[in-house]
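Descriptive analysis of the structure
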Amino acid sequence: MTVQELPGAAAYRPTPPPAWKPLTDPAPLLPDPEPYRVLGTDAAADADPELLLRLYAELVRGRRYNAQATALTKQGRLAVYPSSTGQEACEIAAALVLEERDWLFPSYRDTLAAVARGLDPVEALTLLRGDRHTGYDPREHRIAPLCTPLATQLPHAVGLAHAARLAGDDVVALAMVGDGGTSEGDFHEALNFAAVWRAPVVFLVQNNGFAISVPLAKQTAAPSLAHKAVGYGMPGRLVDGNDAAAVHQVLGEAVARARAGGGPTLVEAVTYRMDAHTNADDATRYRVDSEVEAWRAHDPIQLLERELTERGLLAEDGIEEARAAAERMAAGLRERMNADPVLDPMDLFTHVYAEQTTQLREQAARLRVELDAEQDHHGQSGPHGAEGGR
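Residues numbered from 1 in each chain as written. Predicted model: local features only at pLDDT ≥ 70, side-chain atom pairs only at ≥ 80, totals over all residues. Heavy atoms only, no water.

1. Some words on the overall build of the chain
Within the chain, the secondary structure is distributed over 12 helices and 7 strands. Each principal axis of the C-alpha distribution contributes one length, and for the chain these read about 100 × 70 × 45 Å. Within the chain, residue pairs in contact and separated by at least 24 positions form 76% of the contacts whose partners lie at least 6 positions apart. Taken as a whole, the chain presents about 20200 Å² of accessible surface, with 53% of it coming from carbon and sulfur. Within the chain, the 56 negative side-chain charges are centred at a point lying 3 Å from the centre of the 37 positive side-chain charges. (Helix = DSSP H or I, 4+ residues; strand = E, 2+ residues; numbered from the N terminus. Contact = heavy atoms within 4.5 Å. Areas by Shrake-Rupley, 256 points an atom, 1.4 Å probe, with all protein chains shown as cover. Lys, Arg positive; Asp, Glu negative; His and termini not counted. Charge placed at Lys NZ, Arg CZ, Asp CG, Glu CD.)

2. Brief notes about the pattern of salt bridges
By the definition in use, this model includes 15 salt bridges. For R259, the salt bridge identified is with D102, shortest N-O distance 2.7 Å. Taken together, the residues span a long stretch of sequence, with R259 in helix α8 (residues 244-259) and D102 in the loop between α2 (88-96) and β1 (103-105) at a distance of 157 residues. Given the relative accessible area of 0%, D102 is considered buried. D372 serves as the salt-bridge partner of R368, at 3.7 Å between the closest nitrogen and oxygen. (Salt bridge = Lys/Arg side-chain N within 4 Å of Asp/Glu carboxyl O. Buried < 20%, exposed > 50% of the residue type's maximum accessible area, 1.4 Å probe, protein only.)

3. Let's talk about the environment of W295
With respect to the helices and strands, the residue W295 is situated in helix α9 (residues 289-296). Taking relative accessible area as the criterion, W295 reaches 23% and is therefore assigned partly exposed. Put simply, W295 and E307 are 12 residues apart on the chain and 18 Å apart in space, counted from C-alpha to C-alpha. In this view, W295 contacts N242, V270, T271, Y272 and M274; residues no more than four positions away in its chain are not counted.

4. Brief notes about the pairing of strand β3 (residues 201-207)
Among the 7 residues of β3, 7 are classified as buried, and the element is accordingly described as predominantly covered. Across 6 bridges, the pairing between strand β2 (residues 173-178) and β3 is parallel. Paired with M176 across the two strands is L204, which belongs to β3. Running through helix α7 (residues 185-197), the crossover from β2 to the neighbouring parallel element β3 is right-handed. Where β3 lies against strand β7 (residues 265-270), 6 bridges are found, and the strand directions are parallel. Following the sheet pairing, V202 is matched in β7 by T265. (Pairing = 2+ DSSP bridges. Right-handed = clockwise from strand over helix to strand, strands pointing away.)

5. Some words on the packing of helix α1 (residues 49-74) against helix α4 (residues 121-129)
Relative orientation of the contacting elements α1 and α4 amounts to 40°, with a least axis distance of 12 Å. Here α4 runs oblique to α1, going by the angle between their axes. Crossing hand, α1 versus α4: right-handed. Across the interface between the two elements, Y65, A69 and L72 from α1 touch P121, A124 and L125 from α4. Class assignment for the residues of the contact of α1 with α4 results in 6 nonpolar, no polar and no charged. (Axes fitted to C-alpha atoms, helices over the stretch in contact; angles between N-to-C directions. Parallel < 35°, antiparallel > 145°, perpendicular 65-115°, else oblique. Left-handed = near helix turned anticlockwise from the far one by under 90°. Nonpolar A, V, L, I, M, F, W, Y, C, P; charged D, E, K, R; others polar.)

6. Notes on helix α10 (residues 300-310)
All of the buried residues along α10 are P300, I301, L303, L304, E307 and L308. Angularly, the buried residues of α10 cover 165° about the axis, an arc narrow enough to put them on a single face. Tucked inside the fold, the buried residues of α10 contact α1, α2 and α8. By the N-cap criterion, in which a side-chain oxygen at the helix start approaches the backbone nitrogen of a residue two or three places on, α10 is capped by D299, the distance to I301 being 2.8 Å. With its phi angle positive at about 75°, G312 sits one or two positions after the end of α10. (Arc of directions from axis to C-beta. Polar contact = N/O pair within 3.5 Å; in protein donor to acceptor, adjacent residues only side chain to side chain.)

7. A few points about unusual backbone geometry
Even without a glycine there, the phi angle at R142 is positive, about 60°. Mapped onto the secondary structure, R142 falls in the loop between α5 (138-141) and α6 (153-167). Classification of R142 as partly exposed rests on a relative accessible area of 28%. Positive phi, normally seen in glycine, also occurs at I212, with a value near 60°. The residue I212 is located in the loop between β4 (210-211) and β5 (214-215) in this model.

8. Thoughts on α2
Within α2, 9 of the 9 residues are buried, which leaves it mostly tucked inside the rest of the structure. The complete set of buried residues in α2 reads E88, A89, C90, E91, I92, A93, A94, A95 and L96.

Right, here's the structure in full:
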């Protein structure tokens, strides 16, 4: 007997499930039409003075860190450095908003966030120096390795956050990415899984205007990058990325929401990359000086310094103290980076897998033979022999 032959089958007309119907009301997920601001508004009166002063000190130190690291590339001490000058408010706020138990997932431009979270400034530059795969223990610092491929750190952040939730750990992951990274497939996959799993993760997009030389308008036609959150079922927040107090507040709310089980949030911080993409880039080929100068008037340090001085929270001696502390940091970084590291080529094979594969063991053995042969050669002729005298 078929279904059509069953009693009452003629009256059975199943209605298709309403797959088109939204699972949630999209209205509460939409970002504000304008970036949220604190400094220079009535909301600034409610900002914690102690937090503002700490943000200021870190911004000044961060600006000096960027300048010193850029100088090290010109001296041949760094292979490459992607400066975050102009974006310091995003970097510092991301670091300070997290608890010690939380995890930070930075991109290659987020060395400053890692340093502000407590990482040794030299260790933060080790990868960019070309010495090691990464210069620090991610588990010790709760900072994932600086990620050079675009957006690949985002699914990792979701996976860690989801695993922490399953284990009952009170952990939030904050993943940082640039506007260019939002055009990558990893970005979309990460947001989709995060929303479906309600993973405790916060996505911070630093929209600095350009993906190397590609302006935002050639990457997306969306009203804003924050609007992309709605398509995945999570809130989108739009914030002034040069307003340190505003970024800290918005990220703080997103982290608290994630920790309470509310799921992920996408935060777009509108900022600007004052320097070139890296020291190997010529930014004058795709943007004009007048655009850069217009953004200098919205410098994150000047915005916060103006707020603090007008409220009587910061005087000239406080400004000089912050600058002096930044100079001491830069001097220490300069001295340590000018010392040649002692490297063992065999370390190339040490931290790739927990247990070396057959191929790695074979490659390590071949390198050992070559190193031993080179040592024997120098032992016979000496460093200033026929080879060394050329």
